[in-house]
Amino acid sequence: MLSIRPARTSDVISITQIAQPLIDSRVLLGKELVEIYESIQEFVVAEVDSQVVGFGALHVMWEDLAEVRTLAVLENSMRRGIGAAMLNELIERAKTLGVSRVFCLTFETEFFQKHGFIEISNIPVDPETYAELVRSHDDGVAEFLDLARVKQNTLGNSRMLRHL
């Protein structure tokens, strides 16, 4: 039976094990363990029969904007609705936090389109918000802003947005 729950620190090893093949194939960027522990409250995990089979995170970027980060499912558990269930949970979290737009940077455009995301080519914030966001040291925010320092990490990814 599938359950989606907030991640715990004891899930970090499972999260890194699920992520590693995607990091090796350059689909995901690797993160240091300390980064995962520091942001564990942003994560949800999917469990089937008490085994963690997927994870995802929601990172708030601004008053009305959050990013779905690193949505991943074990290869042998794909195509069972697990990714969709986690994405729905993250979207509900965004709504609860008062966020009205959710962004993602992904190769999986078809999956996200099925869930109401559309491809964008611009940076959907006003100049004042851009000026504030550019001060962030977070690489995900830099990816959102399409800054040159992260270009090598984002080649081939599509920028997608969903209004809630």
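Here, the structure is the one placed above.
The numbers attached to residues start from 1 for each chain and follow its sequence in the written order. Restriction of local features to residues with pLDDT of at least 70 applies here, the model being predicted, together with a cutoff of 80 or more for giving and counting side-chain atom pairs; totals for whole chains, interfaces and linings are based on all residues. Water and hydrogen atoms were dropped before computing side-chain values, which therefore reflect all heavy atoms in the structure.

*Asks:* Can you walk me through the sheet that holds strand β4 (residues 65-73) in this structure?
*Replies:* The strands making up a sheet associate through hydrogen bonds between their backbones, and the pairing can be parallel or antiparallel. Should DSSP find at least two bridges between two strands, the strands are regarded as paired. A run of H or I in DSSP counts as a helix once it spans at least four residues, and a run of E counts as a strand once it spans at least two, with each numbered from the N terminus. With mixed pairing, the seven strands of this open sheet are ordered in space as β1-β2-β3-β4-β5-β7-β6. Only two strands of the sheet have a single partner each, and these edge strands are β1 (2-6) and β6 (118-119). Strands β2 (43-48), β3 (51-62) and β4 of the sheet are contacted by helix α1 (residues 12-24), whose axis makes an angle of about 85 degrees with β3. Between two residues, a contact is recorded if the distance between any of their heavy atoms is within 4.5 Å. Axis definition: a line fitted to C-alpha atoms, over the contacting stretch in the case of helices. Angles run 0 to 180 degrees between N-to-C directions. Docked against the sheet, helix α3 (residues 82-97) engages β1, β2, β3, β4, β5 (101-106) and β7 (158-163), running at close to 30 degrees with respect to β3.

*Asks:* Would you mind going over the side chain of Arg159 with me for this structure?
*Replies:* Here Arg159 shows up in strand β7. When sequence neighbours within four positions are dropped, the list of residues in contact with Arg159 reads Phe103, Cys104, Leu105, Ile118, Glu119, Ile120, Asn122, Ile123, Glu143, Phe144 and Asp146.

*Asks:* Whenever I open this one, the side chain of Ser77 confuses me. Can you help?
*Replies:* Mapped onto the fold, Ser77 is located in the loop between β4 and α3. With residues near it in sequence (within four places) discarded, Ser77 still touches Val53 and Ile82.

*Asks:* What is the right way to read the packing of aromatic side chains from this model?
*Replies:* The relative placement of two aromatic rings is captured by the distance of their centres and the angle of their planes. Between 30 and 60 degrees the pair is tilted, below 30 it is stacked and above 60 it is edge-to-face, where a pair is any two Phe, Tyr or Trp rings, Trp via its six-membered ring, whose centres lie within 6.5 Å. According to the stated counting rule, one finds three aromatic pairs in the structure shown. Ring centres of Phe43 and Phe55 lie 6.0 Å apart, and the angle between their planes is 35 degrees; on these two criteria the pair is classed as tilted. With Phe43 in strand β2 and Phe55 in strand β3, the pair connects residues that are twelve residues apart, well separated along the chain. Think of it in three bands: with a 1.4 Å probe and only protein chains considered, a residue is buried below 20% of the maximum accessible area for its type, exposed above 50%, and partly exposed in between. The exposure class of Phe43 is buried, given its relative accessible area of 4%. Exposure remark for Phe55: the relative accessible area of 1% places this residue in the buried category.

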